[in-house]
Amino acid sequence: MPDINNVDRSDLAPSILPAGIPELSDDECLACLARAVEAPDSARLDEVAGLIGRLAVAIE
């Protein structure tokens with residue numbers, strides 16, 4: 001019988017970070033968000049939502 005105490009469960013847990021957003025520092029993320037909302041473009045709404053979600057996760 002396999003030893004279940006040696007199972008790495010860290011990669012089994014779901015991530016609370018939004019998918020599709022590159023790993024950025026908080027400052028880089030905020031700068032990207034500022035550029036994205038500087039010139040409103042409905043094609044970038046998913047990016048803006050993802051960046052806001054990324055910052056919200058950091059606040060929690």
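Check the entry above for the structure.
Every value quoted in this text rests on a predicted model; they were computed, and no experiment measured them. Counting from 1, residues in each chain are numbered in the order their sequence is written. Whole-chain, interface and lining totals are the exception, using all residues; otherwise, since this is a predicted model, local features are given only for residues with pLDDT of at least 70 and side-chain atom pairs are given and counted only at 80 or more. Hydrogens and water are ignored here; the side-chain numbers use all heavy atoms of the structure.

To continue, consider the overall build of the protein. Secondary structure elements are defined from DSSP: runs of H or I of at least 4 residues count as helices, runs of E of at least 2 residues count as strands, and each element is numbered from the N terminus. Across its full length, the protein carries two helices and zero strands. Residue burial is assigned from relative accessible area. The probe radius is 1.4 Å, only protein chains are included, and a residue is buried under 20% of its type maximum, exposed over 50%, and partly exposed in between. Residue burial in the protein is summarised as follows: out of 60 residues, 17% are buried. Counting only contacts in the protein whose residues sit at least 6 apart along the sequence, the fraction spanning at least 24 positions is 63%. When the accessible surface of the protein is totalled, it reaches about 5,000 Å², and 58% of it is carbon and sulfur. Only heavy atoms enter the contact rule, under which two residues are in contact if any of them lie within 4.5 Å. Here the Shrake-Rupley method, with its probe set to 1.4 Å, supplies the accessible areas, and only the displayed protein chains count as covering residues.

What follows is about the environment of Leu 24. Mapped onto the elements, Leu 24 comes out in the segment before helix H1 (26–38). Under the relative-accessibility criterion, Leu 24 is labelled partly exposed at 22%. Along the backbone, Leu 24 and Arg 54 are 30 residues apart, and their C-alpha atoms lie at a distance of 9.1 Å. Every residue in contact with Leu 24, bar those within four places of it in the chain, is listed here: Cys 29, Cys 32, Leu 51 and Arg 54.

Below, the discussion takes up the pattern of salt bridges. Salt bridge, as applied in this entry: a Lys or Arg side-chain nitrogen positioned within 4 Å of an Asp or Glu carboxyl oxygen. Taken as a whole, this structure holds two salt bridges when the rule is applied. Across the salt bridge formed by Asp 26 and Arg 54, the nearest N and O atoms sit 2.8 Å from each other. One end of the pair, Asp 26, is in helix H1; the other, Arg 54, is in helix H2 (residues 45–59), and 28 residues separate them in sequence. Note on Asp 26: relative accessible area 40%, which makes it partly exposed. By relative accessible area, which is 12% here, Arg 54 ends up buried.

Along the chain, Ala 31 falls in helix H1. On a C-alpha basis, the gap between Ala 31 and Leu 51 in space is 9.9 Å, while along the polypeptide they are 20 residues apart.

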